[in-house]
Amino acid sequence: MVKQVNKNNIKDYSRKISERMWNLPDKGELESHREETYIDDIIQKSHIERKLLDNLEGISTVFDAGAGSGRFSILLAKHGCRVTHFDISQPMIDKAKELAEQAGVIDRISFVKGALEDLNDYTDKSYDMVVSFDAPISYTYPNQEHVIGELVRIAKKRIIISVTSRLGSLPYLANPIQKNQFILNEHSDDPFVQWCISNRQNAIDSFHFEKGNLEKTDGRRTYGR
């Protein structure tokens, strides 16, 4: 019984941390500019966009799980889909609404605030396609297997997701300058950009690769933004 209580506490703690981080007031604005800030984000999002557009045949409805500031929700709406934009962050949803309005597709997107750990309101096979990219599923640790199962459950025809794995964390654990190498604008107002730049030399001087840290990641991200 004690073990079960502790496990539930861990799940609840993980969700609260996600809610706290992603609901910071400036999150929506900062995240919407990632592709102007980091070259790796530009490449990654471009690849995902092509993958999505290659898989739209027969797709009318889409559930975007952890949709953030709306990059893919808006893209899919532009291509005629009706999209449910689902995210834990109100600032991200607010920014997505603003961008969807500007793109002229807000009438094709339903915005829902919620946590991926709780999709009980959605029936089996309720969407032609379910998508979730970059980090949302990884942030549901240690409940990620349940979350993926739920996303599969509500998908009727297709599901496309990405998660952060141990190997995905390797470039950050083995590289002292981490995101520094991808920064496009060193004068960006993004506080994380400025932290990376100011901390660059110290990160190099103090760097020591620890194999054990990689073994302990359990699919979670090892850097914070």
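Our structure is the block above this text.
Calculation notes
Residues numbered from 1 in each chain as written. Predicted model: local features only at pLDDT ≥ 70, side-chain atom pairs only at ≥ 80, totals over all residues. Heavy atoms only, no water. Helix = DSSP H or I, 4+ residues; strand = E, 2+ residues; numbered from the N terminus. Buried < 20%, exposed > 50% of the residue type's maximum accessible area, 1.4 Å probe, protein only. Contact = heavy atoms within 4.5 Å. Areas by Shrake-Rupley, 256 points an atom, 1.4 Å probe, with all protein chains shown as cover. Core = buried A, V, L, I, M, F, W, Y, C linked by side-chain atoms within 4.5 Å. Pairing = 2+ DSSP bridges. Right-handed = clockwise from strand over helix to strand, strands pointing away. Expected span 1.5 Å × (residues − 1). Arc of directions from axis to C-beta. Salt bridge = Lys/Arg side-chain N within 4 Å of Asp/Glu carboxyl O.

### Here's the deal with the overall build of the protein
Of the regular secondary structure elements, the protein holds 10 helices and 5 strands. Here the protein holds 225 residues, and the buried ones make up 42% of them. Taking all contacts inside the protein whose residues are at least 6 apart in sequence as the whole, residues at least 24 apart take part in 74%. Put simply, the protein shows about 12,500 Å² of open surface, and 51% of that area lies on carbon and sulfur atoms.

### A short note on the nonpolar core
In terms of nonpolar packing, the biggest core is built from 19 residues, with L52, V62, L76 and M129 touching the most fellow members. Contributions of two or more residues to this core are made by α3 (39–53), α4 (71–78) and β4 (127–132). In terms of residue count, α4 provides more of this core than any other element does, 5 residues in total. Here M129 is in contact with L52, N55, L56, I59, T61, V62, F63, L76, R158 and I160, once residues within four sequence places are set aside.

### Regarding the pairing of strand β1 (residues 61–65)
The buried fraction of β1 is high, at 4 of 5 residues. As defined by bridge partners, β1 adjoins strand β2 (residues 82–87) across 5 bridges and the pair is classed as parallel. The residue bridging T61 from the neighbouring strand is R82, located in β2. Remark: the β1/α4/β2 crossover connection has right-handed handedness. Two strands pair when backbone bridges link them, and β1 and β4 are joined in this way by 3 bridges, in the parallel orientation.

### So, unusual backbone geometry
In the Ramachandran plot, K125 falls in the positive-phi region, its phi being about 55° despite a non-glycine side chain. Mapped onto the elements of the fold, K125 is located in the loop between β3 (109–113) and β4. You can call K125 exposed: its relative accessible area is 57%. Backbone geometry places Q178, a non-glycine residue, at a positive phi of 40°. Considering the arrangement of structural elements, one finds Q178 in the loop between α7 (166–173) and α8 (191–198).

### Quick look at α3
With 15 residues, α3 ought to run about 21 Å at 1.5 Å a step, and its terminal C-alpha atoms sit 21 Å apart, in line with that. For α3, the full list of buried residues reads D40, D41, K45, I48 and L52. Along the long axis of α3, the arc covered by the buried residues comes to 120°, so they all point the same way.

### With respect to the pattern of salt bridges
Under the criterion given, the structure shown has 6 salt bridges. Linking D40 and K179 is a salt bridge whose minimum nitrogen-to-oxygen distance equals 2.8 Å. With a gap of 139 residues between them, D40 in helix α3 and K179 in the loop between α7 and α8 connect regions that are remote in the sequence. Summarising the burial analysis for this pair, D40 and K179 share the class buried. For the salt bridge of D124 with R153, the shortest nitrogen-to-oxygen distance reads 2.8 Å. Note that D124 is positioned in the loop between β3 and β4 and R153 in helix α6 (residues 144–154), a separation of 29 residues in sequence.

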